[in-house]
Amino acid sequence: MIVAATVLVMIVAATVLVSATRSPEILFSRKMLDAGISETCAIADFNRDGRPDVFSGDAWYENPSWKKHVVRRLEEYGTYLGSLSDLPLDVDGDGNVDIVSSGWHSKRVWWSRNPGKPGVIWEDRVVDEGFPVEFSFLVDLNNDGKANEVLPQFGSEKAPTVWYEARAGTLQKHVVSPRSYGHGIGAGDVNGDGRNDIITPQGWLEAPPDPRSGDWKFHPEFNLGTTSFIFVIDLNEDGLPDLLTGLAHDYGIFWMEQRPDHSWIKHVIDESWSQPHAMTLVDLNGDGRKDLLTGKRYMAHDGKDPGEREPLGIYWYEYRPQADKRSVVWSRHMIDYGSRAGGGMHIPVADLDGDGDLDFAVGGKSGLFLFENLTRAARNGITKR
């Protein structure tokens, strides 16, 4: 048992990973875009030709030829690059998608301005510096329905909890708390008041009516450990939002069931593989429920983490809430196993080839890869290589 403040968190048995109603497997083809080291990747239309491209590290890759365009130079720190997160966002509102980055070793948050011209190095503009940043995410914190705000997770409890908003041609900083709360962060409406809150491994910060104010109340209702991104989603469909996450540097994907008395019950989904640092919620099978797309990060701590030297894998998980409004049955689907492709820090998803189904990209120390969904191609009798 874990006790956080006065709230009891109960640990229950692992959820069974077998379901009679599991969806058919989704076939993907794997393509290496770059064999060099990276940590993350992003998808957006960087040259405004109507096709989504891939950005990773110091370059973007042009769809459909996947020609590499080097637009910046990142410093290397041993086996790591200076950026651990690359987020696509038009910061200055000029119509060109820029890249917002953050790094642990570089101890800064910055954005690289896309000038909209080929063959030009993008200008870096520092937003914040002084603390290591584990990762950053695009989330909706001004409650306009668009995930355009930057939420970083600093690697020191002495660093404040903050978010950044694209305003007046730059990223404006909003302080939520004078401290940080551990490895992992997320955003979503925990209490059902229509405002997105900030979730940390040690509790959640309740959003005030004006999210730009500093009056965010902290609720120390749980202790999740060293997590990845923390999603807010009602998994058992009982009307109370739950949490979904994983242990970024250990074994375990799990969800936290919220009860009416604000207690939380932990349900293990899968603990057969480690390092689920990157997680994305997306409806891959088209059943109206979001699935969890995730994968094992390659050498997150250069082999020092549990299970880090085991084979890489990329998976998606679907869930089925049961009639009792408590149980949730999960099914694991394997996309890739034992190759060089790992989950990295982010797994962006988009229809990259324009055929109507969802593809994705992964980037990490083992290379940058594109996974093309073959669902529509199989239906139409098209063979893709």
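Figured I'd write up the structure that's included with this text. (Residues numbered from 1 in each chain as written. Predicted model: local features only at pLDDT ≥ 70, side-chain atom pairs only at ≥ 80, totals over all residues. Heavy atoms only, no water.)

### Here's the deal with the sheet that holds strand β31 (residues 359-364)
Then, in step 1: Spatial strand order, β3-β32-β31-β30: four strands in an open sheet with antiparallel pairing. Edge positions in the sheet fall to β3 (28-34) and β30 (349-350), since each has one partner strand and no second. (Pairing = 2+ DSSP bridges. Helix = DSSP H or I, 4+ residues; strand = E, 2+ residues; numbered from the N terminus.)

### What about the environment of Val268?
Then, in step 1: Inspection of the secondary structure assignment puts Val268 in strand β25 (residues 264-274).
Then, in step 2: Classification of Val268 by relative accessible area gives buried; the value is 11%.
Then, in step 3: Val268 sits 13 residues away from Trp255 along the chain, and the two C-alpha atoms are 6.6 Å apart. (Buried < 20%, exposed > 50% of the residue type's maximum accessible area, 1.4 Å probe, protein only.)

### Section: empty space enclosed by the protein
Then, in step 1: Using the criterion set out here, one finds one cavity of 30 Å³ or more in the structure.
Then, in step 2: There is about 60 Å³ of room inside the largest cavity.
Then, in step 3: Lining the largest cavity, in full, are Pro152, Gln153, Phe154, Pro160, Thr161, Ser180, Tyr181, Gly182, Gly184, Ile185 and Thr200.
Then, in step 4: Tallied by class, the residues present in the lining of the largest cavity amount to five nonpolar, six polar and no charged. (1 Å grid on protein atoms, 1.4 Å probe; cavity = no way out; pocket = protein on both sides within 12 Å on 5 of 7 lines; lining within 4 Å. Points joined across faces, edges and corners; volume = space filled by probe spheres on them. Nonpolar A, V, L, I, M, F, W, Y, C, P; charged D, E, K, R; others polar.)

### Things to note about the nonpolar core
Then, in step 1: Of all hydrophobic cores here, the largest spans 33 residues; its most connected members are Leu244 and Trp330.
Then, in step 2: Among the elements of the structure, β14 (133-139), β22 (231-233), β24 (251-258), β25, β26 (278-282), β28 (313-321) and β29 (328-337) are those that each provide at least two residues to this core.
Then, in step 3: Ile26, Leu293, Trp316 and Ala341 belong to the second largest nonpolar core, which has 15 residues in total. (Core = buried A, V, L, I, M, F, W, Y, C linked by side-chain atoms within 4.5 Å.)

### Things to note about the environment of Arg48
Then, in step 1: Tracing the sequence through the fold places Arg48 in the loop between β4 (42-44) and β5 (53-56).
Then, in step 2: As for Arg48 and Gly95, which are separated by 47 residues in sequence, their C-alpha atoms are 8.5 Å apart.
Then, in step 3: In this structure, Arg48 is in contact with Asp94, Gly95 and Asn96, ignoring residues within four places of it in sequence.
Then, in step 4: Looking at Arg48, its side chain comes within polar contact range of the side chain of Asn96, at 3.3 Å. (Contact = heavy atoms within 4.5 Å. Polar contact = N/O pair within 3.5 Å; in protein donor to acceptor, adjacent residues only side chain to side chain.)

### Describing the side chain of Ser83
Then, in step 1: Relative to the helices and strands, Ser83 resides in the loop between β9 (80-81) and β10 (85-89).
Then, in step 2: Take Ser83: its relative accessible area is 2%, and that puts it in the buried class.
Then, in step 3: In this structure the side chain of Ser83 is engaged in a polar contact, spanning 2.7 Å, whose partner is the side chain of Asp86.
Then, in step 4: Engagement of the side chain of Ser83 in a polar contact is seen with the side chain of Ser101, the distance being 3.5 Å.
Then, in step 5: Not counting residues up to four positions away in its chain, the partners in contact with Ser83 are Glu39, Arg72, Leu74, Ser101, Ser102, Gly103 and Trp110.

### Re the sheet that holds β26
Then, in step 1: Strand order in the open sheet made by the four strands is β26-β27-β28-β29, with antiparallel pairing throughout. Of all the strands in the sheet, just β26 and β29 have a single pairing partner and so form its edges. Across the sheet, the axes of successive neighbouring strands diverge by a mean angle of 20°, strand direction being ignored.
Then, in step 2: Bridge analysis of strand β27 (residues 291-295) against β28 gives four bridges, and the strand direction is antiparallel. The partner of Leu293 across the bridge, within β28, is Trp316. (Axes fitted to C-alpha atoms, helices over the stretch in contact; angles between N-to-C directions.)

### Let's talk about the pattern of salt bridges
Then, in step 1: As enumerated under the stated definition, the model contains 21 salt bridges in all.
Then, in step 2: Ionic pairing is found between Asp86 and Arg72, a salt bridge with its closest N-O pair at 2.9 Å. Here the residue Asp86 occupies a position in strand β10, and Arg72 occupies one in the loop between β7 (67-70) and β8 (76-77), the gap between them amounting to 14 residues. Just as Asp86 is buried, Arg72 falls in that class too.
Then, in step 3: In this structure, a network of salt bridges that share partners links the residues Glu39, Arg297 and Lys365. (Salt bridge = Lys/Arg side-chain N within 4 Å of Asp/Glu carboxyl O.)

### Describing the packing of aromatic side chains
Then, in step 1: Using the criterion set out here, one finds 14 aromatic pairs in the structure.
Then, in step 2: Seen from their ring centres, Phe229 and Phe231 are 4.7 Å apart, and the 65° between their planes marks the pair as edge-to-face.
Then, in step 3: Classification of Phe229 as buried rests on a relative accessible area of 8%.
Then, in step 4: According to the relative accessible area criterion, Phe231 is buried, its value standing at 11%.
Then, in step 5: An aromatic cluster of three or more residues is present, and its members are Phe46, Phe55, Trp60 and Trp122.
Then, in step 6: Positioned above the aromatic ring of Trp110, the side-chain terminus of Arg108 is 4.0 Å from the ring centre.
Then, in step 7: We note Lys266 situated over the ring of Phe254; from NZ or CZ to the ring centre the distance is 4.2 Å. (Phe/Tyr/Trp six-rings, centres within 6.5 Å; stacked < 30°, edge-to-face > 60°. Lys NZ or Arg CZ within 6 Å of the ring centre and 35° of its normal.)

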